Amino acid sequence: MSATSPATAPVPDPRPLTGEPLALDLLNTRWVREGVVEDLLRDPEGLAVWLAANGLDGRFAADAATLRHTLRARDAIGAAVDAPADTVGVDTVLGHGRIRPTLTAEGPGERAEFRDDAWGPGWLAARNYLELLFTAPDRIRRCAHEACVLHFFDTSRNGTRRWCSMAACGNRAKASRHYARAKDA
């Protein structure tokens, strides 16, 4: 009889906002909960959760080197989002990989190649940031709630979304305004 280890259940993603484009999803690995900044990428286990959430877990290792490079990419993308003229960090991350055109039986395509696979997740996020800039740079937003640090890509028809989530930050802002009006009355 062989000893087998029981299958471990995947760790749930604790973040309040998921499913954004890869670059913004990487920024959203840091969030505020009850006034305290939480960081999913504080260790390789958190990186494993983020990789799995983005379908990258079978492709890249959740190790210390990948974590280090992914954090550099997160910082670079964050700096570029906050100050669009700050391009050096993202450009440095992009220097660690390239897109290679390919031709397969299915037709033409592209494949990302990296000098070191540990740069892969961060490089893909930086590349995605460029794609967002090409698509609609004015739709890359930070939540308008003063206590929120989350980012989103505004896909609303008229481009006026202000909150990461109407159920969370939007309602908090509305409740705060209501309380202020009631207090003044």
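Here the structure is a predicted model, which is why all the values come from computation and not from measurement.

Further remarks concern the overall build of the protein. A tally of helices and strands in the protein yields six helices and six strands. The proportion of buried residues among the 185 residues of the protein is 38%. With the model as given, the accessible surface of the protein reaches about 11200 Å², and the carbon-plus-sulfur share is 54%.

This next bit is on the nonpolar core. Grouped burial of nonpolar side chains is what soluble globular proteins tend to show. Core analysis: the biggest nonpolar cluster contains 43 residues, and Trp50, Ile77, Val90, Leu124, Tyr129 and Cys164 have the highest contact counts within it. Among the elements of the structure, helix H1 (22-27), helix H2 (44-53), helix H3 (64-82), helix H4 (88-94), strand E4 (107-114), helix H5 (120-135) and strand E6 (151-153) are those that each provide at least two residues to this core.

Despite not being glycine, Glu34 shows a phi value in the positive range, around 50 degrees. Classification of Glu34 by relative accessible area gives exposed; the value is 79%.

Bringing the confidence of the model for the protein into the picture now. Averaged over all residues, the pLDDT of the protein equals 90, while 86% of them reach at least 70. Confidence drops under a pLDDT of 50 for residues 1-5, and excluding neighbours within four residues, the segment shows zero contacts in the predicted structure.

As a general feature of sheets, a regular strand has side chains that alternate between the two faces. Two elements, strand E3 (residues 97-104) and E4, share eight bridges in a ladder whose sense is antiparallel. Residue pairing across strands places Arg100 opposite Arg111, the latter belonging to E4.

On to the packing of H3 against H5. For any two helices packed against each other, one specifies the crossing angle of their axes together with the interaxial distance. Running from N to C, H3 and H5 point in directions that differ by 20 degrees, and their axes come no closer than 8 Å. With respect to each other, H3 and H5 are oriented roughly parallel. Once H3 is placed against H5, the crossing between them reads as right-handed. On the side of H3, the interface is formed by Thr66, Thr70, Ala73, Ile77, Ala80 and Val81, while H5 contributes Pro121, Gly122, Ala125, Ala126 and Tyr129. A per-class count over the contact of H3 with H5 returns eight nonpolar, three polar and no charged.

This paragraph deals with the pattern of salt bridges. Tallied over the entire structure, the rule returns ten salt bridges. Here Asp39 makes a salt bridge to Arg74, at a shortest N to O gap of 2.8 Å. Taken together, the residues span a long stretch of sequence, with Asp39 in strand E2 (residues 36-39) and Arg74 in helix H3 at a distance of 35 residues. Look at Arg74 and you get buried, because its relative accessible area is 4%.

With that out of the way, let us pick up the packing of H2 against H3. H3 packs onto H2 with a crossing angle of 70 degrees between their chain directions and a minimal axis gap of 9 Å. The orientation of H2 relative to H3 falls into the category roughly perpendicular. In terms of crossing hand, the pair formed by H2 and H3 is left-handed. Counting all contacts with H2, which are made through Pro44, Leu47 and Trp50, the residues of H3 involved are Ala64, Thr66, Leu67 and Thr70. Residues that form the contact of H2 with H3 fall into these classes: five nonpolar, two polar and no charged.

What follows is about the packing of aromatic side chains. For the structure shown, the criterion picks out two aromatic pairs. Seen from their ring centres, Phe60 and Phe114 are 5.8 Å apart, and the 65 degrees between their planes marks the pair as edge-to-face. One end of the pair, Phe60, is in the loop between H2 and H3; the other, Phe114, is in strand E4, with 54 residues separating them in the sequence. In this structure Phe60 comes out as buried when scored by relative accessible area, which is 5%. Through successive ring pairs, a cluster of aromatic residues spans Phe60, Phe114 and Trp123. Looking at Arg161, its charged tip hangs above the ring of Phe152, at a distance of 4.0 Å from the centre.

Cut-offs applied
- Residues numbered from 1 in each chain as written.
- Predicted model: local features only at pLDDT ≥ 70, side-chain atom pairs only at ≥ 80, totals over all residues.
- Heavy atoms only, no water.
- Helix = DSSP H or I, 4+ residues; strand = E, 2+ residues; numbered from the N terminus.
- Buried < 20%, exposed > 50% of the residue type's maximum accessible area, 1.4 Å probe, protein only.
- Areas by Shrake-Rupley, 256 points an atom, 1.4 Å probe, with all protein chains shown as cover.
- Core = buried A, V, L, I, M, F, W, Y, C linked by side-chain atoms within 4.5 Å.
- pLDDT = per-residue confidence, 0-100.
- Contact = heavy atoms within 4.5 Å.
- Pairing = 2+ DSSP bridges.
- Axes fitted to C-alpha atoms, helices over the stretch in contact; angles between N-to-C directions.
- Parallel < 35°, antiparallel > 145°, perpendicular 65-115°, else oblique.
- Left-handed = near helix turned anticlockwise from the far one by under 90°.
- Nonpolar A, V, L, I, M, F, W, Y, C, P; charged D, E, K, R; others polar.
- Salt bridge = Lys/Arg side-chain N within 4 Å of Asp/Glu carboxyl O.
- Phe/Tyr/Trp six-rings, centres within 6.5 Å; stacked < 30°, edge-to-face > 60°.
- Lys NZ or Arg CZ within 6 Å of the ring centre and 35° of its normal.

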